[in-house]
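Descriptive analysis of the structure
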Amino acid sequence: MGTETRGDTGDFAFVADVPVRWSDMDAFGHINHARMITLMEEARVAWLLSVGEQYAPLIKSAMIVTVEIRYQAQLRHEDSPLRIAMWIKGFRSVDFTIGYEVRSATAGPDSKPACVASTQMAVVDIEKQRLRRLTDTEKSYLQEWSHR
């Protein structure tokens, strides 16, 4: 994993530079769709692991519900590393949504992102195997990262 930032990230809660591997490419020289989701996952995991042990219950109980992705420009191997910026788009009683903007690390921070995406995460009581409500502490954390 490349550079990870929690400090001066502009409108974003966390920014990660994720290297593109040759195996991430499709036959046309673009980053493969399934691999883009994996690259976003690498950035998301780096963010969630960076927040500290006090948020472990939230991180360990979050599971993916939906992933939405929209491509606005091509991304190729030469755009590596990808700069993946993230924030909390919103949360409800049992779930939260992470927003993503993906650019080449050489692109300007105000440039149009090549990819915009979101991941809805539900929180689960692992022992009971059912949804659980976010705690007040978890809601406070999510609010902290809702900069956009």
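Refer to the structure printed above.
The rules behind these values
Residues numbered from 1 in each chain as written. Predicted model: local features only at pLDDT ≥ 70, side-chain atom pairs only at ≥ 80, totals over all residues. Heavy atoms only, no water. Helix = DSSP H or I, 4+ residues; strand = E, 2+ residues; numbered from the N terminus. Contact = heavy atoms within 4.5 Å. Polar contact = N/O pair within 3.5 Å; in protein donor to acceptor, adjacent residues only side chain to side chain. Core = buried A, V, L, I, M, F, W, Y, C linked by side-chain atoms within 4.5 Å. Buried < 20%, exposed > 50% of the residue type's maximum accessible area, 1.4 Å probe, protein only. Patch = residues over 30% accessible without salt bridge, like charges linked within 9 Å, V, L, I, M, F, W, Y side chains within 5 Å. Areas by Shrake-Rupley, 256 points an atom, 1.4 Å probe, with all protein chains shown as cover. Salt bridge = Lys/Arg side-chain N within 4 Å of Asp/Glu carboxyl O.

Position of R132 among the secondary structure elements: in the loop between strand 7 (130-131) and helix 3 (136-144). Separated by 104 residues in sequence, R132 and F28 have C-alpha atoms that sit 43 Å apart. Not counting the four nearest positions on each side in its chain, R132 is found in contact with P57, L58, S61, S93, V94, V123, V124, D125 and E138. Of the polar contacts made by the side chain of R132, one reaches the backbone oxygen of P57; its length is 3.5 Å.

Our next topic: the nonpolar core. Core analysis: the biggest nonpolar cluster contains 40 residues, and W47, L82, I84, F96 and Y141 have the highest contact counts within it. For this core, the secondary-structure elements that each account for two or more residues are strand 2 (14-18), helix 1 (33-50), strand 4 (82-91), strand 5 (95-104), strand 6 (115-125) and helix 3. A per-element tally of this core places helix 1 first, with seven residues. Apart from the residues within four sequence positions on either side, F96 is in contact with L58, A62, I88, G90, F91, T119, Q120, M121, V123 and L142.

Glancing now at a nonpolar patch on the surface. A cluster of nonpolar side chains, contributed by I37, I64 and V67, occupies part of the molecular surface with about 200 Å² of accessible area. Overall, the relative accessible area of 30% leaves I37 in the partly exposed class.

Once that is clear, we can look at the pattern of salt bridges. In total, this model carries seven salt bridges according to the counting rule given. Here R92 ties to D95 by a salt bridge, and the two come within 2.6 Å at their closest N and O atoms. Residue D95 is classed as buried on the basis of its relative accessible area of 5%. Each of R21, D24, R35 and E42 takes part in one network of salt bridges that share partners.

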